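These are the residues of each chain, in order.
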Amino acid sequence: MSDNNNDSNTTSTIWGARFSDGPSAVMEEINASIGFDKRLYAQDIRGSRAHAQMLVAQGILTEADGKSILQGLDEVEGEIVAGTFEFSRTLEDIHMNVENRLREKIGDAAGRLHTARSRNDQVATDLKLWVRDALDGLDDALKDLQAALIERAEEHAATVMPGFTHLQAAQPVTLGHHLLAYTEMLGRDRSRVRDCRARMNESPLGSAALAGTSFPIDRDMTAKALGFDQPTQNSLDSVSDRDFALEYLSLLSILSVHLSRMAEEMVIWASQQFAFIRISDDFSSGSSIMPQKRNPDASELVRGKAGRVFGALMGMLTVMKGLPLTYGKDMQEDKEPVFDASDTAELCVAAMAGMYKSATFNVDNMKRDAGKGFTTATDLADWCVRVLNLPFRDAHHVTGAVVKLAEDKNCELEDLSLEEFQSINPGITDEIYSVLGVDNSVSSRTSLGGTSPQNVLAQVANARERFLA
């Protein structure tokens, strides 16, 4: 795509009389983008409709030509939707394919559609419209994933499991609390979606090749017709930057980090060593030679596909980093990474939602492991602070000695006798047993944002109001 503004009839080349020879096969191959930018057809036709209506309103096009163009665009779109449209590589891109077919249908009036615009502002508009549509779809998909997490969190508000740091058992938490952590992450992802959409919602249409146009166009009219907040303010900037696409790829990359972490936990939890979760048959696979295997392939693929999204961002950054103002053909490379990353992220979000909706959690195994590794040691230290009035560092020292004693005896903290506790600190009473069980531990964590079941239920209600209303 480049700054051609030629309106002459064309069948094999769009460059008119400027070049005497047609493109070589290699040039045609490297230059054509129709193989991927045909995905922009709906946005391209939508922009052309708005442009044609504005040209008529401004007296630049006759009403007869405008009516003919709009009717022809409807017919062209119908052919594309029906799958009968024949895309041509010699016409390079979606813009010229649509325009050429429009000319075949309505004649010379089609050539007047390109008045006061260039393929430079046309493609910038098309891609913005496409990304904006993708953002809206992504927000809906993320909302669905959040809904699945919130539903399962409510179901498991009191299900005790080990909480981890360094992948080592740290303190007991509830599964509901754990799932709501990802709900919050996805909430921030959705806020980035909204921010990106708001920032990009300015129309480049009417900036023409780079300098604007001498025709008396109404850019506010086309911006409004296309759902933009306003036109862009600088024609050079309008056609030369793709920061909106970079921001889209950036937020998809951050989202992919979150999805990959979720998927990684599913892989770990589905192992026989953890056995916290059973991923449904719909999202699992077997082995070609080991009949006993049940592999969490969908989770692994979500984890792996994060790399594709990261690569798309890095590729796009590399394309844009050295471009002087304004348009360079390098920018034709902006669409494939956007399309691929968008498709990948959309698929991964849907897969995660499906897995969370259908997964079975092994609550017995979770509770069993919640008590392993002396996970209530902090509760013991906190009790010493509250009841014995010890400074926390001293309480920490006492608790460490108790843990060592339990390790030596190969038992859990609650299995120690009161005499054994008192051998470490004589002030300890039998009240200590009230804080050592995992259920007692999680129930005590009532601070804002804490893991207690009553907190989780309140957080579920809060999350529904913030994210699903």
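Report follows, based on the coordinates. Because the structure is a prediction, the values reported are computed rather than measured. Residue positions within a chain follow its written sequence, with the count starting from 1. Residue-level local features of this predicted model are given only where pLDDT is at least 70; pairs of side-chain atoms are given and counted only at 80 or more, and the full residue set underlies all totals for whole chains, interfaces and linings. In computing side-chain properties, one takes all heavy atoms of the structure into account and sets aside hydrogens as well as water.

1. Comments concerning the overall build of the protein chain
Along its length, the protein chain carries 19 helices and 6 strands. By principal-axis analysis of the C-alpha atoms, the protein chain measures approximately 100 × 50 × 40 Å. Exposure is judged per residue with a 1.4 Å probe applied to protein chains only, and the accessible area is read against the type maximum: over 50% gives exposed, under 20% gives buried, and values in between give partly exposed. Per-residue burial for the protein chain yields a buried fraction of 49% across its 469 residues. Accessibility throughout is a Shrake-Rupley quantity obtained with a 1.4 Å probe, and a residue counts as covered only by protein chains that appear here. Carbon together with sulfur atoms contributes 51% to the accessible area of the protein chain, which is approximately 21,600 Å² in total. Of the side-chain charges in the protein chain, 47 are positive and 69 negative, and the distance between the mean point of each set is 1 Å. The helix and strand labels rest on DSSP assignments: H or I over at least four residues marks a helix, E over at least two residues marks a strand, and numbering proceeds from the N terminus. The charged-residue count follows a simple rule in which Lys and Arg add positive charge and Asp and Glu add negative charge, with His and chain termini not counted at all. To locate a charge, take atom NZ for lysine, CZ for arginine, CG for aspartate or CD for glutamate.

2. So, the environment of Val402
Secondary-structure assignment places Val402 in helix H16 (residues 392–409). Note on Val402: relative accessible area 0%, which makes it buried. Linking Val402 and Ala225, residues 177 residues apart in sequence, is a C-alpha distance of 72 Å. Setting aside residues up to four positions removed in sequence, Val402 forms contacts with Leu380, Leu413, Leu416, Phe421 and Ile424. Contact between two residues is taken to exist if any of their heavy atoms lie within 4.5 Å; hydrogens are not considered.

3. Brief notes about the pairing of strand S2 (residues 168–174)
For two strands to pair, DSSP has to find at least two bridges joining them. Where strand S1 (residues 160–165) lies against S2, 6 bridges are found, and the strand directions are antiparallel. By the bridge assignment, Met161 is partnered in S2 with Val173. If you look at the hairpin formed by S1 and S2, you'll find 2 residues sitting between the two strands, and His166 has a positive phi there, around 55 degrees.

4. Section: the layout of surface pockets
Considered as a void within the structure, the largest pocket measures approximately 400 Å³ in volume. For each structure, a 1 Å grid was placed over the protein atoms alone; sets of points admitting a 1.4 Å probe that cannot get out are labelled cavities, open sets with protein on both sides within 12 Å along at least five of seven lines are labelled pockets, and lining residues have an atom within 4 Å of a point. Along the walls of the largest pocket sit 15 residues, with Phe164, His178, Tyr182, Arg261 and Glu265 positioned nearest its centre. When residues of the lining of the largest pocket are traced back to their parent elements, those giving at least two are S1, helix H8 (175–200) and helix H11 (243–269). Side-chain classes follow a simple rule in which Ala, Val, Leu, Ile, Met, Phe, Trp, Tyr, Cys and Pro form the nonpolar group, Asp, Glu, Lys and Arg form the charged group, and the remainder, Gly included, forms the polar group. Its residues assigned to classes, the lining of the largest pocket shows 8 nonpolar, 4 polar and 3 charged. Grid points are joined across faces, edges and corners, and a volume is the space filled by probe spheres set on the points.

5. Let's talk about unusual backbone geometry
Omega for the peptide link from Leu325 to Thr326 comes to 5 degrees, which places this bond in the cis form. Counting through the fold element by element, Thr326 comes out in the loop between helix H12 (297–320) and helix H13 (335–358). For Ala208, which is not glycine, the phi dihedral falls at a positive 60 degrees. Secondary-structure assignment places Ala208 in the loop between strand S3 (202–203) and helix H9 (219–225). For Ala208, a relative accessible area of 7% corresponds to the buried category.

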